[in-house]
Structure formats: C-alpha cells, structure tokens
Amino acid sequence: NDPVVAIVGVTGAVGAEFIATMDKRAFPVRRLKALASARSAGKTVDFRGQKILIEELNERSFDGVDIALFSAGGGISRKFAPIAVKAGAVVVDNSSAFRMDPDVPLVIPEINAIRIRDHKGIIANPNCSAITALVPLWPIHKANRIRRVILSTYQAASGAGAAAMEELLESTRASLDGRPFTPKVIPHPYAFNVFSHNTAVDPETGYNDEETKVIKETRKIFEDDRIAIGVTCVRVPVLRAHCEAITFECERPISEDEVRAILAKAPGVRIVDDRQKNYFPMPIDASGQDDVLVGRIRKDLSDPSGHSISMFVSADQLLKGAALNAVQIAELLPQRVMA
Ligand code: 2RA
C-alpha cells in the first residue's frame, strides 16, 4: 500500500526533477497523478516505464492523494495546497507561499527533519539560495555558533524556471549573432550579464525579495533570530547550479582545518578544495548531482580575531535547491510508510 503521489506543476523544470528524483531514489508510488494547467492537460509524462496522462489541476485533483508535491508558483500553492490538505494529502510546497507561516515547518532534512512532525498538512521547501548556504553552514553553527554571515549569490537561470533557461540560450545565441534580443521572462538582457533578478526591491532597505527570503528563512530554519545576515543575490549566465561566496563569523575562534574537519563529516556536503590545482566548486561539477560542493575554505583575512572563515559553494538548484530536498522531506513522512 504505497502512497498515491500528486505532482502539481509537473511540466515545469522542478516538476520534471520531482519525477526523475523519485525514480532515482525508488520512492514508492502506488499511483502518480500528474497535474498541470489546461495547456498541458492531455499530454503525458514518463514514469517508471509508464506514460502518465497529465490532468488539469482542479479542486477534485487531490481525492485519494496521500502526498502532493507542489512547484507551480505561490498563487497555485495558496489556492490548492489547502484543498489538498482538506482532501487528506500532506503537501510539500516548493513555493514561498507558506514558508514563513508559523504553522508550516520550513525543512532541510539535514538540519531540522524533526520539525516535519509539527506539520498541520503543509511542509515548505526553503528557497534554493537558503538551502545552498545552510546545508554547509549548519554543522559549523552547531559546533561553534555563527553570529554573522555575509553572502553573495551567483544564481542560475533554472531558479526562474525552464523558460528562463531557454532565454539564457536564446539571448546568448542572439548576442553571438549580433541580433537584438528583447528579454521575455527575466528583467534584463541575460547573455554575458549579471543582474538583480528579483524585481521586488524594498524601497526602504534596497534589499530584493530573494535577499529578504535568505535572511528570514535562515533564522527560521536555524531557530536563531539573532544571527546577523548580510546578503546580495544576483542572476548569472549559468544554467542550473547556484554558487555562493560565504563569509561567516563564529562566537569562538575557528580554524580553517576545524571547518574542513566538520564539513568532511557533514551530510549533503562534498569538499572540493584543491589549491594546488586551483580546483574549487563549479556549476559544471555541481549540476546533476545531489551534494553542496564546498571549497575556497580559508581564514577571512579581514578579521584578525580568528573568528571568521570564508568559503565558496555550489549546488544544483533544481535538485538540492528544490526537487531533491522536497523528495527527501516526503521520504520522511509517515504517509510514505503508512499509506
Ligand atoms: C531563484 N531562488 O533562483 C529563486 C527561486 N527559485 O529565482
């Protein structure tokens, strides 16, 4: 009696990775319901050698569903997640709709899987930029409380979906051909460019919504409202892996060797840190695999007190940044076992 699983947004970049990740991890599924907009209804997706008919998402879509994975934007989640819960499903939601809701656990399994049991029907998947930073920061924070983090993100196109990945390619082709290109799904011309991608910029603070999410989600997941966070988020011309430059300050002095030793044992982390070969985390290595790659581990020379370390990380935004993290949450649900 394996669970009946619904995927909402099955034709999106994350939806496709939900399917691939459940298949790769042999997630038990009695029946898969593939849900999308009317535009995609009637098409099919392949799952475990079967062609699954895509159904149009509606109020009756969740009858008999045990687990529903959502990745179709905040509006769809706000409207249909409560309907799914009412129908008896547990929702793992990749949108930002419920992340700061006190009744909704915000979970990275390597950090706070224990919070899953507090759910009241919905569990939120964190923002990919938060996941990428927090998976390596958490074991360090546990060993020596981090009191301040300064991070800069270099975010891939996939964060804005399949259409943005296509736009990166089109924009680059146009640029190489010397053809004019008008941005369609992202706020600025993409080829050979770097820009603030989140259009909601707070006029008071100058922080964009992505940066605010990283701050708020870090505090909720670490359950530490005092941690000071400075963050700058930009979009870079990379397809599907985010990178982040991170400097953190601990309460007690900490050496780079201590950080290496902690990270060598950290779940979901792989150290890539070869100074001889100048070989460090790169999107070409992070793409398509599950770990957060961590390298450039070194003392922050701007802090002579010895409390601060800098590092550079990279992770696949569609996997650990979204679909993998959500499926790992679903693997820990009693519904997966009891259904
Ligand atoms: C982005 N983190 O990268 C946001 C949403 N996935 O666009």
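Residues numbered from 1 in each chain as written. Predicted model: local features only at pLDDT ≥ 70, side-chain atom pairs only at ≥ 80, totals over all residues. Heavy atoms only, no water.

Caption draft 1: Structural context of the packing of helix 4 (residues 128–143) against helix 7 (residues 256–264). At a closest axis distance of 9 Å, the pairing of helix 4 and helix 7 adopts a crossing angle of 115°. Between helix 4 and helix 7 lies a crossing whose hand is right-handed. Of helix 7, the residues touching helix 4 (which contributes Pro 136, Pro 139, Ile 140 and Ala 143) are Val 259, Ile 262 and Leu 263. Looking at side-chain class alone, the contact of helix 4 with helix 7 contains 7 nonpolar, no polar and no charged residues. (Axes fitted to C-alpha atoms, helices over the stretch in contact; angles between N-to-C directions. Helix = DSSP H or I, 4+ residues; strand = E, 2+ residues; numbered from the N terminus. Left-handed = near helix turned anticlockwise from the far one by under 90°. Contact = heavy atoms within 4.5 Å. Nonpolar A, V, L, I, M, F, W, Y, C, P; charged D, E, K, R; others polar.)

Caption draft 2: The pairing of strand 2 (residues 31–36), seen in detail. Counted residue by residue, strand 2 has 5 buried out of 6 residues, so it is predominantly covered. Across 5 bridges, strand 1 (residues 4–8) lies against strand 2 in parallel orientation. Within strand 2, the position partnered with Ile 7 by the bridge is Ala 34. Traced from strand 1 through helix 1 (residues 13–24) to strand 2, the parallel crossover comes out right-handed. One ladder, built from 3 bridges, connects strand 2 with strand 4 (residues 50–56); its direction is parallel. Across the sheet, the residue bridging to Ala 36 is Glu 56, located in strand 4. (Buried < 20%, exposed > 50% of the residue type's maximum accessible area, 1.4 Å probe, protein only. Pairing = 2+ DSSP bridges. Right-handed = clockwise from strand over helix to strand, strands pointing away.)

Caption draft 3: Structural detail: the nonpolar core. Core analysis: the biggest nonpolar cluster contains 56 residues, and Phe 62, Leu 137, Ile 140, Phe 248 and Met 311 have the highest contact counts within it. If you tally residues by element for this core, the top one is helix 4, at 8 residues. Not counting chain neighbours up to four residues away, the residues in contact with Phe 62 comprise Ala 6, Val 8, Leu 35, Leu 57, Ala 68, Phe 70, Phe 80, Ile 83, Ala 84 and Ala 87. Counting residues in hydrophobic clusters, the runner-up holds 39 residues, among them Val 14, Val 107, Ile 116 and Ala 322. (Core = buried A, V, L, I, M, F, W, Y, C linked by side-chain atoms within 4.5 Å.)

Caption draft 4: Fine view of the sheet that holds strand 13 (residues 308–316). An order of 9-8-10-13-12-11 is seen for the 6 strands of this open sheet, with the pairing classed as mixed. Strands with a single pairing partner mark the edges of an open sheet, and in this sheet they are strand 9 (228–235) and strand 11 (269–271). Between one strand and the next, the sheet's axes are offset by a mean angle of 20°, whatever the strand orientation. Its contacts with the sheet put helix 4 on strand 8 (146–155), strand 10 (241–250), strand 11, strand 12 (292–299) and strand 13, and the angle it makes with strand 10 is roughly 35°. Of the strands in this sheet, strand 10, strand 11, strand 12 and strand 13 are in contact with helix 7, which crosses strand 12 at around 165°.

All we've got here are geometric facts, nothing functional implied.
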